[in-house]
Amino acid sequence: MARLSLQLPKKILTTVSISVRITDINYGNHVGNSRIVEIIHEARVQFLQQNGFTELDIAGTSLIMSELQVEYKNESFYPDLLHIDIYCGEISKVSFELYYKISTKRHQQDILIALAKTGMVCYDYNIRKIRHVPEELKAILLS
């Protein structure tokens, strides 16, 4: 089976921290795979909020996810504090890539939990049409 191998861009846009909740733990006594996807979503929302945006209002447009890739590396447990580095990949006229590096520290050791990538498309939900990436967002992604 061919394995996914995500390559992170060089420049970090931001880092957010999210605590693992007891409700994130599955029957294997670790964070469930679907919860990692939710943590990525929360990290993206926090990044947008840091810049005065929401997923439904980025200078007049919204976001819709067109792609998700997750490369699981190690287990995460309650009560890990996850650090999510967010990077920007390619930017087109209507979309952009965000990369995520999720890690924690246990016993003074850095542990890589997962790498992920989302393809985000600018979208107008009112008219159900794709929109251009706003210049205000593009400036932040390129900074």
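A quick note: this is a predicted structure, and the numbers were derived from the prediction, not measured.

Right, let's talk about the nonpolar core for a bit. Most often, soluble globular proteins have nonpolar side chains that are buried together. Grouped together as the largest cluster of nonpolar side chains are 32 residues, with contacts concentrated most on I36, I84, F96 and I102. Elements that contribute at least two residues to this core include exactly β1 (12–19), α1 (33–50), β2 (62–72), β3 (81–91), β4 (95–106), β5 (109–124) and α2 (135–142). Residues within four places of I84 in sequence aside, it is in contact with T14, T15, V16, I18, I39, A43, Y100, K101 and I102.

A few words on the side chain of T104. Following the sequence through the fold, T104 ends up in strand β4. Judged by relative accessible area, which is 3%, T104 ranks as buried. Among residues more than four places away in sequence, those in contact with T104 are D80, L81, L82, H83, Q109, D110, I111 and I113.

Turning next to the environment of T23. Along the chain, T23 falls in the loop between β1 and α1. Look at T23 and you get partly exposed, because its relative accessible area is 48%. In sequence terms T23 and L56 are 33 residues apart; their C-alpha atoms lie 27 Å from each other.

Following Y78, the chain continues into P79 via a peptide bond in cis, with omega recorded as 5 degrees. You can see P79 is positioned in the loop between β2 and β3. At A59, a residue that is not glycine, the phi angle is positive and equals roughly 50 degrees. Of note, A59 is situated in the loop between α1 and β2. One non-glycine residue with positive phi stands out, namely Q108, at about 60 degrees. The topology assignment puts Q108 in the loop between β4 and β5.

Conventions used here
Residues numbered from 1 in each chain as written. Predicted model: local features only at pLDDT ≥ 70, side-chain atom pairs only at ≥ 80, totals over all residues. Heavy atoms only, no water. Core = buried A, V, L, I, M, F, W, Y, C linked by side-chain atoms within 4.5 Å. Buried < 20%, exposed > 50% of the residue type's maximum accessible area, 1.4 Å probe, protein only. Helix = DSSP H or I, 4+ residues; strand = E, 2+ residues; numbered from the N terminus. Contact = heavy atoms within 4.5 Å.

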